[in-house]
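Listed here are the chains, written in short residue letters.
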Amino acid sequence: MKKLFYMVALSSLTLLSCSKFLEIDLPNDKQTSESVFSSNETAQAATVGIYARSMRFGNSYFNGITTISTGLLAGEILPKNLVADNMTPYLYNDMRSDLSNVSLLWAAPYEIIYHCNLVIEKLVQSDAVSADLKQRLIAEAKFFRALHYFYLINVYGEVPLALTSDYQTNAILPKSKASEVYAAIINDLEQAEQNLSDDYYSAERIRANKWAAKALLARVHLYLENWTEAERYAREVIGHTSQYKLAANANDAFLNSNNEAIFQLSTANNNTVNCYDGSIFLYVNNTKNPDYYIREGLLDVLTLDPKDERKNWALAQTATDGTTYHLLNKYKVRAGVANAKKIEHLTLLRLGEQYLILAEALAHQSGKLIEAVENIDIIRVRAKVDPLKAPGVTYTQDQVLDMVMDERQKELCFELGHRWFDLNRTGRAAAYFATFPEKNWQPTDRFFPIPAEEVLDNPFLKQNPGYQ
């Protein structure tokens, strides 16, 4: 059986996990996991391991895979080579359960969730870790567990809800209802919010704090159409001006620990890659052909207004055969210097999104359309685009919601699946994909198929509709 090795801490504790990523073998070494939680220092190392695992070298869903897969599905990007990485199914909405990215987007978060569960359990049991530190580290692990379940449920729909490190129980878990998974996400985030402070406990914004929990709560409540709760959390984050402000230029929103960043992830110090979304999407070979480039429809949206600075997120590159491609240029560093401070970090939560969350939540509530437009305009004006609000101009609710979606398409493109999730959660996918004849979009396409090996290994795990 294939084994998957990963460190729970920076110490020598090693855990072994099966290819069935909800099934975890017992450790076969002589060291017990309790020894890792025998001091403040080793407990912190175990928790930091959660962050490190999420940005490990190679393929992982925070290392370009989510952006590639959902970008192809949502019509944001195209592959130069349809054969490479078997991208044709994503391009034509012909998903299969044996695709490599389908497995990666399942396996990686469940690895981290197991790690989180183990850290939480061992911290609760430990008498050696100080009470304040224990509370904070548990809160960080719960934030991370919620983050990964958020992506799982939006990629796959109903998924097994594993909240312990009991490998025998986890190996045969059925799907949980979406309401149960979201309840667990909200519960984890609320506890994280209560038990974390403003502090990142790092010189950079790469550890979870209370505002990261609030920002993710705003997004979760938006997806659940809990408009008043989404409004409340987004307002709180936006109002925390002592720590967060929009970057003066949208191009700066992805710099290491800039004022707009709420939560970022960093690659290892010895890794020359700053962010894999820069390394992958800015790649061109010796004929200047990119692996992926921006699809014409989105390129038209980004370049429609010549004043819009977000047009710079499309970088023109002419190949040796004379063809001009436009590369994804949100992250601008292909490679840096090992053991030097990173110029950019992968940005998972930022203030720009919070303004658009607030605008959408307001637009769904009676009497708040004007304020919704004002929040859209904050993002537009930052991008040097004319505001929508003008004397004597009024908008209907449908028009404002359309404007929110238009702005989200531009502002959040190429950021870990926002466009794909937005089209599906708002019921706009069918009409949008009707403009892509090759897509043949069906309602069951909203979610990915569960990896074939997972369904085969777990008799209680049923395949998603449309993929049986």
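Preceding block: the structure.
Residues numbered from 1 in each chain as written. Predicted model: local features only at pLDDT ≥ 70, side-chain atom pairs only at ≥ 80, totals over all residues. Heavy atoms only, no water.

## Brief notes about the overall build of the chain
Secondary structure assignment for the chain yields 17 helices and 8 strands. In terms of overall dimensions, the chain has a C-alpha envelope of 70 × 50 × 45 Å along the principal axes. The proportion of buried residues among the 468 residues of the chain is 59%. Of the contacts formed within the chain by residues at least 6 apart in sequence, a portion of 69% connects residues at least 24 apart. Taken as a whole, the chain presents about 18300 Å² of accessible surface, with 53% of it coming from carbon and sulfur. (Helix = DSSP H or I, 4+ residues; strand = E, 2+ residues; numbered from the N terminus. Buried < 20%, exposed > 50% of the residue type's maximum accessible area, 1.4 Å probe, protein only. Contact = heavy atoms within 4.5 Å. Areas by Shrake-Rupley, 256 points an atom, 1.4 Å probe, with all protein chains shown as cover.)

## A closer look at the environment of Arg334
Assignment of secondary structure puts Arg334 in the loop between strand 7 (324-328) and strand 8 (346-350). Sequence separation between Arg334 and Leu161 is 173 residues; the distance between their C-alpha atoms is 37 Å. Beyond its immediate stretch of four places on either side in the chain, Arg334 contacts Gly278, Ser279, Leu282 and Tyr283. Of the polar contacts made by the side chain of Arg334, one reaches the backbone oxygen of Ser279; its length is 3.5 Å. (Polar contact = N/O pair within 3.5 Å; in protein donor to acceptor, adjacent residues only side chain to side chain.)

## With respect to the packing of aromatic side chains
Scanning the entire structure with this criterion turns up 25 aromatic pairs. A connected cluster of aromatic rings, assembled from ring pairs, spans Tyr61, Phe62, Phe150, Tyr151, Tyr223 and Phe421. Lying across the ring of Tyr233, Arg232 places its NZ or CZ 4.2 Å from the centre. (Phe/Tyr/Trp six-rings, centres within 6.5 Å; stacked < 30°, edge-to-face > 60°. Lys NZ or Arg CZ within 6 Å of the ring centre and 35° of its normal.)

## Structural notes on the layout of surface pockets
Of the pockets and cavities examined, the largest pocket occupies roughly 460 Å³. Contributing to the lining of the largest pocket are 21 residues, with Ala52, Ser266, Thr267, Ala268 and Asn269 lying nearest its centre. The element best represented in the lining of the largest pocket is helix 1 (residues 40-54), accounting for 3 residues. For the lining of the largest pocket, a count of residues per class yields 9 nonpolar, 7 polar and 5 charged. (1 Å grid on protein atoms, 1.4 Å probe; cavity = no way out; pocket = protein on both sides within 12 Å on 5 of 7 lines; lining within 4 Å. Points joined across faces, edges and corners; volume = space filled by probe spheres on them. Nonpolar A, V, L, I, M, F, W, Y, C, P; charged D, E, K, R; others polar.)

## Some details on helix 15 (residues 418-425)
For helix 15, the buried fraction is high: 8 of the 8 residues fall into the buried class. Inspection of helix 15 places His418, Arg419, Trp420, Phe421, Asp422, Leu423, Asn424 and Arg425 among the buried residues, and these make up the whole buried set. Of the surrounding secondary structure, the elements contacted by the buried residues of helix 15 are helix 2 (61-73), helix 5 (131-156), helix 8 (210-223), helix 12 (351-363), helix 14 (397-411) and helix 16 (429-433).

## A word on the pattern of salt bridges
Scanning the model with the defined rule gives 33 salt bridges in all. One salt bridge in this structure joins Asp98 and Arg96, with 2.9 Å as the shortest N-O distance. Taking relative accessible area as the criterion, Asp98 reaches 52% and is therefore assigned exposed. Glu353 is the partner of Arg219 in a salt bridge, and the nearest nitrogen-oxygen pair spans 2.8 Å. Of this pair, Arg219 sits in helix 8 while Glu353 sits in helix 12, and the two are 134 residues apart along the sequence. With respect to class, Arg219 is no different from Glu353; both count as buried. Three or more residues joined by partner-sharing salt bridges are found here, namely Glu260, Asp308, Arg310, Lys330, Arg350, Arg380, Arg382, Glu407, Lys410, Glu411 and Glu415. (Salt bridge = Lys/Arg side-chain N within 4 Å of Asp/Glu carboxyl O.)

## Points about the nonpolar core
Buried together is how nonpolar side chains tend to be arranged in soluble globular proteins. One finds Phe62, Phe143, Tyr149, Tyr156, Ile185, Phe263 and Phe448 to be the most contacted residues of the largest nonpolar core, which totals 131 residues. If one sorts the elements of this core by residue count, helix 5 sits on top with 16 residues. Sequence-distant contacts of Phe143, that is, excluding residues within four places in its chain, are made with Leu189, Ala192, Ala208, Ala212, Ala213, Leu216, Phe263 and Leu349. (Core = buried A, V, L, I, M, F, W, Y, C linked by side-chain atoms within 4.5 Å.)

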